[in-house]
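Chain by chain, the residues:
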Amino acid sequence: MACSSFVKLNASSSPWIGHQSFNQRARPSRQVAPRRVAVIRAGAYSDELVKTAKTIASPGRGILAIDESNATCGKRLSSVGLDNTEVNRQAYRQLLLTTPGLGEYISGAILFEETLYQSTTDGKKFVDCLREENIVPGIKVDKGLVPLPGSNNESWCQGLDGLASRSAEYYKQGARFAKWRTVVSIPCGPSALAVKEAAWGLARYAGISQDNGLVPIVEPEILLDGDHPIERTLEVAERVWAEVFYYLAENKVMFEGILLKPSMVTPGAEHKERASPETIAKYTLTMLNRRVPPAVPGVMFLSGGQSEMEATLNLNAMNQSPNPWHVSFSYARALQNSVLKSWQGRPENIEAAQKALLSRGKANSLAQLGRYSADGESDDAKKGMFVKGYTY
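Just so you know, these numbers come straight off a predicted model, no measurement behind them.

1. Considering the overall build of the protein chain
Part 1 of the reasoning: In terms of helices and strands, the protein chain carries twelve helices and ten strands.
Part 2 of the reasoning: The 392 residues of the protein chain split such that 54% are buried.

2. Some remarks on the nonpolar core
Part 1 of the reasoning: Grouped together as the largest cluster of nonpolar side chains are 102 residues, with contacts concentrated most on Y205, F245, L248 and L260.
Part 2 of the reasoning: Leaving out residues up to four positions away in the same chain, L248 has contacts with L202, A203, A206, V218, V253, F255 and I258.

3. Comments concerning the packing of helix α9 (residues 277–291) against helix α10 (residues 308–318)
Part 1 of the reasoning: Here α9 crosses α10 at 60°, and the two axes come no closer than 8 Å. If you check the angle between α9 and α10, you find them oblique. The two elements α9 and α10 cross, and the hand of that crossing is right-handed. Only L313, N314, A317 and M318 of α10 make contact with α9, whose side of the interface consists of P277, E278, I280, A281, T284 and L285.
Part 2 of the reasoning: By residue class, the composition of the contact of α9 with α10 is seven nonpolar, two polar and one charged.

4. Focus on the sheet that holds strand β9 (residues 298–301)
Part 1 of the reasoning: Pairing within the closed barrel is parallel, and its eight strands lie in the order β1-β2-β3-β6-β7-β8-β9-β10.
Part 2 of the reasoning: Bridge count for strand β1 (residues 62–66) against strand β2 (residues 106–111) is five bridges, and the pairing is parallel. Looking across to β2, one finds that G62 is bridged to I106.

5. Focus on the pattern of salt bridges
Part 1 of the reasoning: Enumeration according to the criterion identifies 16 salt bridges in this entry.
Part 2 of the reasoning: With a closest N to O distance of 2.8 Å, R89 and E114 form a salt bridge. You can see R89 sitting in helix α3 (residues 86–97) and its partner E114 sitting in helix α4 (residues 113–116), a full 25 residues away along the chain.
Part 3 of the reasoning: Among the residues examined, E114 registers a relative accessible area of 16% and is labelled buried.
Part 4 of the reasoning: Residues K355 and E351 are paired through a salt bridge, measuring 3.7 Å at the closest nitrogen-oxygen approach. Taken together, the positions of K355 and E351, both in helix α12 (residues 350–368) and four residues apart, correspond to about one turn of that helix.
Part 5 of the reasoning: According to the relative accessible area criterion, E351 is exposed, its value standing at 55%.

6. Section: the packing of aromatic side chains
Where two aromatic rings form a pair, the distance of their centres and the angle of their planes describe that pair.
Part 1 of the reasoning: Overall, the coordinates contain eight aromatic pairs when judged by the stated rule.
Part 2 of the reasoning: On the numbers, 5.4 Å between centres and 20° between planes, the contact of Y92 with W343 is stacked. Here Y92 is found in helix α3, whereas its partner W343 is found in helix α11 (residues 333–343), with 251 residues between them in sequence. Across this residue pair, the class does not change: Y92 and W343 are buried.
Part 3 of the reasoning: Judged by centre distance (5.5 Å) and plane angle (40°), the ring pair of F329 and Y331 falls under tilted.

7. Section: the packing of α3 against α11
Part 1 of the reasoning: Following both chains from N to C, one finds α3 and α11 inclined at 115°, their axes separated by 12 Å at the closest point. Crossing of α3 over α11 shows right-handed handedness. In this structure, α3 contributes Y92, L95 and L96 to the contact, and α11 contributes Q336, V339, L340 and W343.

8. Section: α10
Part 1 of the reasoning: For α10, a buried count of nine out of eleven residues is recorded, marking the element as mostly surrounded by other parts of the structure.
Part 2 of the reasoning: Among the residues of α10, E308, M309, A311, T312, N314, L315, N316, A317 and M318 are the ones counted as buried.
Part 3 of the reasoning: Check the buried side of α10 and you find it contacts α9, β9, β10 (326–331), α11 and α12.

9. As for the pairing of strand β6 (residues 177–184)
Part 1 of the reasoning: The element β6 is largely enclosed, with a buried count of eight among its eight residues.
Part 2 of the reasoning: Side chains of β6 alternate between two faces, with F177, K179, R181 and V183 and A178, W180, T182 and V184 buried alike.
Part 3 of the reasoning: Bridge count between strand β3 (residues 136–140) and β6: three bridges; the pairing is parallel. The residue bridging K140 from the neighbouring strand is K179, located in β6.
Part 4 of the reasoning: Between the parallel elements β6 and strand β7 (residues 215–222), the chain passes through helix α7 (residues 192–211) in a crossover that is right-handed.

10. Side note on unusual backbone geometry
Part 1 of the reasoning: Look at the link from G189 to P190: it is a cis peptide, with omega at -15°.
Part 2 of the reasoning: Its location among the elements puts P190 in the loop between β6 and α7.
Part 3 of the reasoning: Backbone geometry at N153 places phi at a positive 60°, although glycine is not the residue there.
Part 4 of the reasoning: In this fold, N153 is placed in the loop between β4 (145–147) and β5 (155–157).
Part 5 of the reasoning: Its identity is not glycine, yet K252 carries a phi of approximately 60°, on the positive side.
Part 6 of the reasoning: Judged by relative accessible area, which is 38%, K252 ranks as partly exposed.

11. Some points on the confidence of the model for the protein chain
Part 1 of the reasoning: Summing up the model confidence of the protein chain, the mean pLDDT is 88 and the portion of residues at 70 or higher is 85%.
Part 2 of the reasoning: Segment residues 1–29 is flagged for pLDDT under 50; beyond a separation of four residues in sequence, or across chains, it makes 16 contacts in the model.
Part 3 of the reasoning: Low pLDDT, under 50, characterises residues 35–40; the predicted model gives this stretch nine contacts beyond four residues in sequence or across chains.

12. Some remarks on the side chain of N251
Part 1 of the reasoning: When you line up the elements, N251 lands in the loop between α8 (230–250) and β8 (259–260).
Part 2 of the reasoning: N251 sits in the buried class, given a relative accessible area of 6%.

Calculation rules
- Residues numbered from 1 in each chain as written.
- Predicted model: local features only at pLDDT ≥ 70, side-chain atom pairs only at ≥ 80, totals over all residues.
- Heavy atoms only, no water.
- Helix = DSSP H or I, 4+ residues; strand = E, 2+ residues; numbered from the N terminus.
- Buried < 20%, exposed > 50% of the residue type's maximum accessible area, 1.4 Å probe, protein only.
- Core = buried A, V, L, I, M, F, W, Y, C linked by side-chain atoms within 4.5 Å.
- Contact = heavy atoms within 4.5 Å.
- Axes fitted to C-alpha atoms, helices over the stretch in contact; angles between N-to-C directions.
- Parallel < 35°, antiparallel > 145°, perpendicular 65-115°, else oblique.
- Left-handed = near helix turned anticlockwise from the far one by under 90°.
- Nonpolar A, V, L, I, M, F, W, Y, C, P; charged D, E, K, R; others polar.
- Pairing = 2+ DSSP bridges.
- Salt bridge = Lys/Arg side-chain N within 4 Å of Asp/Glu carboxyl O.
- Phe/Tyr/Trp six-rings, centres within 6.5 Å; stacked < 30°, edge-to-face > 60°.
- Right-handed = clockwise from strand over helix to strand, strands pointing away.
- pLDDT = per-residue confidence, 0-100.

Right, here's the structure in full:
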C-alpha cells in the first residue's frame, strides 16, 4: 500500500509554489501528526562504541575467544583428564584470564555467560582481571544453531528473543562487545534461504547490540568442510558478505562501531591441494576489498580448525602491506591448544601453561604487525585441528 503521508509538491497542489503568494491565506487543513519511525541506532552509545572498537582493533593485539559452551569446554577439559564441572571450568578460565602481561597481545576476550559472572578463587571478578590488563570483556549472545526448515540440511542461529534485555544486563556486568556466530556450509549449497537467514540474523543482532552499548562482532563462518577449491570459497564468501552488509545497512547499523570475524578464504579441508599462506592472503584480501567498507575498524579472523602455526602464518601474510582495516585474530583453539597440553589439569603446570598462552599471543601479535617467523615452532603447533561439522 502506498504511503499516504507524503505528497508530491507542484504548482497546482501547493499554496507555496507557483503563482501563490506567501501573503495569501492558505486553505485551512487538518493537522496530521508526523509518523514516528522506529529504527535501531547506536544512539547515546555512538562515541563509546567507536572507542571500544578502536581499542580492540589496536596495533599488535587481537581477541582471545574463550566463549565455548559448557559442553564444548567439557571436551577441552576431558582432553586433559578433568571432569566437566563448574569448578574445573572456572579453574581453566582463571588460568587464561589471569595470565600476567596478557594485555600486551590481547585486546579483547569473548566470554561465555557463565564466565562473565564468575570470579577467581580469591573473589576477584574476571571482568576486573581483564580491565587491569586493558583487555575489553566481551560476551557470546547467540543461543546456538538449529536446523533451518526448507533448506538443504542447513542451520540457522537462534537467540534474538530477549536479546535486548540480556544485552543490557551484560553491559551492566561489564561486557562491552558481543559475538554472534552463524555458519554457512559450502557442501550444502549454500541455499539462498540459508544465506539470507544468516545475514538477516546477524544484522538484527548487530543493531540490538549497538542499541545497548555493545560492539557487535559480525561472524558468518564459512565452514572449512568440503573438497572444493579456493575459487569456490571466494565466490561464496563474496556472496555472503554482500548479503550481510546489505542487511546491516537496512538495519541502520553503524559500521564504525562493529568488528568482523570472517573465515579466511581457503580451499575446503578435504581438497586435494593445500594453498600457501601467500595464496590464502591474496584471495582473502581480494574478498575483503570487494565487500568490506573502510569504515569498519577491524577484521578479526577466526582460525576455523587450522593449526596454530598455519593460522598465524596466514595472518602474517595478510599484513605484509597496509590494509584499510586492522587485520588481526580472534582465535580459540589456535590460542588454547598449546595451553591445554602444557597445563594437563595440574596446578603445578599453571605457570608453564600461561607461558604457552603468552607465546601464542606474541606470535599472533607479530603476525598482526607482519613480522612473524615460524622458525622454532613446535610440532604440536603444526598439527591441524579441523573437526568436520564442528560446533560450539
